[in-house]
Amino acid sequence: MKYSWTPIEVWSRTGAVLLASTALYLAFCVFCVTGMPVGQDVAVATGVLIGFPVWVGAMCYAVLARTALRAWGLLLGIAFVLGGCAALAHAFL
């Protein structure tokens, strides 16, 4: 499959791979820590271990998405939703 990406598209996808996927990974880890009904050490370990495949999958999606804008939008959208749920869980507990 041949790609005809412009340099702007390449840099935007690279930014999504590096920044948006990392934001999603961190939001997932924080969501696990605040949302799981187990000890904090177990929740951190679970978030980090399960979050790694989530991070790799997010990086793959950022490269394979139809457009770079779609990759940024989906990854940051999910990160904001997870972060908001984590903030609400922390506020009510």
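Everything discussed here concerns the structure shown above.
Parameters and conventions
- Residues numbered from 1 in each chain as written.
- Predicted model: local features only at pLDDT ≥ 70, side-chain atom pairs only at ≥ 80, totals over all residues.
- Heavy atoms only, no water.
- Helix = DSSP H or I, 4+ residues; strand = E, 2+ residues; numbered from the N terminus.
- Polar contact = N/O pair within 3.5 Å; in protein donor to acceptor, adjacent residues only side chain to side chain.
- Contact = heavy atoms within 4.5 Å.
- Expected span 1.5 Å × (residues − 1).
- Buried < 20%, exposed > 50% of the residue type's maximum accessible area, 1.4 Å probe, protein only.
- Phe/Tyr/Trp six-rings, centres within 6.5 Å; stacked < 30°, edge-to-face > 60°.
- Bend = angle between axes of the 7 residues up to and from the residue.

**Observations regarding the side chain of Arg-13**
Next, step 1: Relative to the elements of secondary structure, Arg-13 occurs in helix H1 (residues 7-35).
Next, step 2: Within polar-contact distance, the side chain of Arg-13 engages the backbone oxygen of Ala-62 at 3.2 Å.
Next, step 3: Other than its neighbours up to four places away in sequence, Arg-13 contacts Trp-5, Ala-62, Val-63, Leu-64, Ala-65, Arg-66, Thr-67 and Ala-68.

**Details of helix H3 (residues 68-92)**
Next, step 1: Between its terminal C-alpha atoms H3 stretches 36 Å, which fits the 36 Å expected from 25 residues at 1.5 Å a residue.
Next, step 2: By the burial criterion, the buried members of H3 are Ala-68, Ala-71, Leu-75, Ala-79, Leu-82 and Ala-86.
Next, step 3: Where the residues of H3 are buried, they touch H1 and helix H2 (40-64).

**Describing the environment of Ser-12**
Next, step 1: If you trace the backbone, Ser-12 turns up in helix H1.
Next, step 2: Spatially, the C-alpha atom of Ser-12 lies 33 Å from that of Ala-89, the residues being 77 residues apart in sequence.

**Describing the packing of aromatic side chains**
Next, step 1: According to the stated counting rule, one finds 2 aromatic pairs in the structure shown.
Next, step 2: Linked through ring pairs, Tyr-25, Phe-52 and Trp-55 together constitute an aromatic cluster.

**Re H2**
Next, step 1: Given a rise of 1.5 Å per residue, 25 residues ought to cover 36 Å, and the 35 Å separating the end C-alpha atoms of H2 matches this to within 8%.
Next, step 2: Helix geometry: H2 is bent most strongly at Gly-51, by close to 35°, with proline Pro-53 lying one to four residues after it.
Next, step 3: For H2, the set of buried residues is Ala-43, Gly-47, Gly-51, Ala-58 and Ala-62.
Next, step 4: Buried residues along H2 sit against H1 and H3.

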